[in-house]
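# Coordinates in review
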Amino acid sequence: MSNRFGLPDLGVGIGLRTVHYGHIVDAWPQVDWFEILSDNYMHTAGRPLHFADAVAARYPVALHGVALSIGSTDPIDRAYLAELRALRDRTRARWVSDHLCWTGVAGRNTHDLLPLPYTEETLRHVVDRVRFVQDFLGAPLALENPSTYVEFAGASMREWEFLARLAEEADCAILLDVNNVFVSARNHGFDPRAYLDAVPYDRVVQLHVAGHTDHGTHIIDSHIGPVDDDVWKLLGEAWRRAGGVSVLLEWDAEIPSFEETHAEALRARRFIGAAA
Amino acid sequence: MSRQIVEQGVLHERASATPEASRRPGRVGATAPVRGDHAAPGDASLRGRQQWFATAVMTPESEPSPAGVDEVDRILTRGPRLCAMDRLEIYRRGYHARLVECLADDYPVLRHALGEDDFDGLCRVYIATHPSDGPSLNYYGRRMAALLRSAAAPAPLPRGFAADLAALEWAVVEVIHAPSSGPLTLEGLGHVPAEAWPGARLVANTAARLLRFEYPVNRYFQAVRNGEAPRVPEAAASATVVYRSGPTLWRMDLTPPMHDALAGLVAGETLEEALSRAEAGFVGLSEEEVGRRVMGWFEEWVSSGLFSGVLPARDR
């Protein structure tokens, strides 16, 4: 247990996806852990919770969200936080994560992970909101570095500096997505290892890997297909620097069978030096 | 009376992945500007930048970017291989593609009926007319049937058919997310004393939706699910109940007398009132045959999980 929050290394897991529900509840396959997309199990009182309960009863789980909108200048949605906390308690999730981004403003929601201008104003704003959310949840929030396709001309720091300062000043955790590091590095022309060098690894509680789509002029974080070898190498490097940490594969488009998805996730073991 | 299962899959899954646009958008009449202050490009505050960005992203793809190239170059950076405007446009495509995907998940049979291009065009009208105002996409598509009945939607199909189909598919979504009350069983009914039956009322499963249509859309829905390519049917009144029992969703067609009886029970009529109403709908059958049929429906509805409890007359 190497992170400062005492959160466990759960091993190599995969994201819980609806197309795999049938297989999971029929076979109860051996899986280290599942990441549950919290927003799919909120604002519902129906069938999604049936499966979340079943999975959480048998596997360790963590919650991963896309709608917290921690960087928005709209007021924090307390009803959303209350429902998130209830889901966390219901599933006994080990931790809760979301993205360093904003999703909407002025009451409108784009449902996208939009980029922030990395300025001192933004840093103060997000630090305050992360502290509020952590107080509300009574637990550290893990924030994930997003894939981005554009940066703001008025930024005063790069994302890795912003993330490190945010984590320090808000005392929050980090979900480091090495595929997102790779995607943003190509889209903005920086060295992904410069990013990895700046990460405070004692705050990293989880690593993400995923496939992406290379369009030549830019890369889209499509979560489709197997993980690129260069991304696996970044995973291995980040995992070693963190001294062992939970790993999670995201596969969200053209999702193959459970077995194929899980086998792809388990490739991580080759790169993190764990036993196969 | 037969019922059909609804295959799983209609839950649209949120993820952090960026969707990719696959179709060329057609002309969309309405726009969806971000409410509140104007997104002034000179406002370099965080809020100003967010309003500016959101306006650019939410403007229909068929329209020019609301921000000019020079303005975008001042606010955003160019990349190694793309100019700032092209980078911003990735977000505009992603915004629309994500919501089209969401609506396609909610309305797979409507999509089949319309075809890819017309469905995509309909979605873009929907997105421009109804921008999302909440954190969840679970209920984003709830206004589709109403839009299809209005003049705002394109109408390559009879409006009544398209709207009925959308209403059926939206009932499926609602039933997925509605709480399901535990089923009443025939054994449970056995505890009701015989003399209490006429005045007893049933409590409907909260995850059930009873629908009447101008078109036989459930039959069309099932044909598409069976992999067939059905023609758009002629108008003909139909009724369907969509409900969930545990994790499994079901659809069941109802004849007009069945619909009337079930609607009465769901509305809180006593068993005597609802079943008498159904019996009145039969013509030319003996009283014994009518009673046998009505009790047959009733037993099937109970055993299917359409009810969750019974309230004896004395409790009313």
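About the cut-offs
- Residues numbered from 1 in each chain as written.
- Chains lettered and ligands numbered in written order.
- Predicted model: local features only at pLDDT ≥ 70, side-chain atom pairs only at ≥ 80, totals over all residues.
- Heavy atoms only, no water.
- Helix = DSSP H or I, 4+ residues; strand = E, 2+ residues; numbered from the N terminus.
- Buried < 20%, exposed > 50% of the residue type's maximum accessible area, 1.4 Å probe, protein only.
- Contact = heavy atoms within 4.5 Å.
- Areas by Shrake-Rupley, 256 points an atom, 1.4 Å probe, with all protein chains shown as cover.
- Axes fitted to C-alpha atoms, helices over the stretch in contact; angles between N-to-C directions.
- Parallel < 35°, antiparallel > 145°, perpendicular 65-115°, else oblique.
- Left-handed = near helix turned anticlockwise from the far one by under 90°.
- Nonpolar A, V, L, I, M, F, W, Y, C, P; charged D, E, K, R; others polar.
- Buried area = accessible area lost by both parts, 1.4 Å probe.
- Salt bridge = Lys/Arg side-chain N within 4 Å of Asp/Glu carboxyl O.
- Polar contact = N/O pair within 3.5 Å; in protein donor to acceptor, adjacent residues only side chain to side chain.
- Expected span 1.5 Å × (residues − 1).
- Core = buried A, V, L, I, M, F, W, Y, C linked by side-chain atoms within 4.5 Å.
- Domains from an automatic or database assignment.
- Lys, Arg positive; Asp, Glu negative; His and termini not counted.

## Some points on the overall build of chain B
Looking only at helices and strands, chain B features 12 helices and 6 strands. Here chain B, with 316 residues, has 53% of them falling under the buried criterion. Contacts in chain B between residues at least 24 apart in sequence constitute 71% of all its contacts with a sequence separation of at least 6. Surface accessibility of chain B: about 13,600 Å² in total, with carbon and sulfur atoms responsible for 50%.

## Details of the packing of helix α4 (residues 120–137) of chain A against helix α5 (residues 159–170) of chain A
Residues and elements named next belong to chain A. Their axes nearest at 9 Å, the elements α4 and α5 cross at an angle of 45 degrees. Relative to α5, the element α4 is oriented oblique. The element α4 and its partner α5 pack so that their crossing is right-handed. The segment α4 lies against α5, with E120, T122, L123, V126, V127, V130, R131 and Q134 engaging F162, R165, L166, E169 and A170. When the residues that make up the contact of α4 with α5 are grouped by side-chain class, the tally is 7 nonpolar, 2 polar and 4 charged.

## Some thoughts on the interface of chain A and chain B
In this assembly, 67 residues from chain A lie in contact with 56 residues from chain B. Between chain A and chain B the total buried area reaches about 5,400 Å² when both faces are included, carbon and sulfur atoms providing 57% of it. Three residues, R47(A), R108(A) and H111(A), lead the burial of chain A against chain B; their summed loss comes to 17% of the area buried on that side. Where chain A touches chain B, the interface holds 2 salt bridges. Here D112(A) makes a salt bridge to R98(B), at a shortest N to O gap of 3.3 Å. Put simply, chain A and chain B have 26 residue pairs in polar contact (both at pLDDT 80 or more) between them. Looking at which element gives the most residues to the side of chain A that touches chain B, the answer is strand β6 (residues 108–114) of chain A, with 7 residues. Of the residues contributing to the side of chain A that touches chain B, the split by class is 24 nonpolar, 30 polar and 13 charged.

## Overview of α5(A)
Residues and elements named next belong to chain A. In this model α5 runs 16 Å from its N-terminal to its C-terminal C-alpha over 12 residues, within 8% of the 16 Å that 1.5 Å per residue would give. Where the residues of α5 are buried, they touch α4, β7 (141–144), β8 (173–177) and α7 (192–198). Downstream of α5 by a residue or two, D171 has a phi angle that is positive, lying close to 55 degrees.

## Topic: the environment of G160(B)
Residues and elements named next belong to chain B. Structurally, G160 can be placed in helix α7 (residues 159–177). Residue G160 is classed as buried on the basis of its relative accessible area of 15%. Remark: the alpha-carbon pair of G160 and D106, spanning 54 residues in sequence, is separated by 18 Å. Setting aside residues up to four positions removed in sequence, G160 forms contacts with R149, E214 and Y215.

## With respect to the nonpolar core
Generally speaking, a soluble globular protein has its nonpolar side chains buried in company with each other. Judged by nonpolar contacts, the single largest core of 152 residues is most densely connected at F34(A), L166(A), L176(A), F53(B), L76(B), L110(B) and M144(B). Sorting elements by how many residues they give to this core places α7(B) first, with 13 residues. For this core, the domains that each give at least three residues are domain 1 (17–135) and domain 2 (179–315) of chain B. If we ignore the near neighbours within four places in the chain, the residues touching F53(B) are W102(A), L114(A), P115(A), V150(A), F152(A), L76(B), L88(B) and Y91(B). L202(B), Y243(B), A261(B) and F307(B) belong to the second-largest nonpolar core, a separate cluster that totals 30 residues.

## Regarding the side chain of R87(B)
Structurally, the position occupied by R87(B) is in helix α3 (residues 84–106). The charged side chain of R87(B) is buried without a salt bridge, its nearest counter-charge being E151(A) at 4.5 Å. Looking at R87(B), its side chain comes within polar contact range of the side chain of H188(A), at 3.0 Å. Ignoring any residue separated from it by four or fewer positions in sequence, one finds R87(B) in contact with Y149(A), V150(A), E151(A), N187(A), H188(A), T77(B), R78(B), G79(B), P80(B) and L82(B).

Keep in mind these values describe shape, not function.
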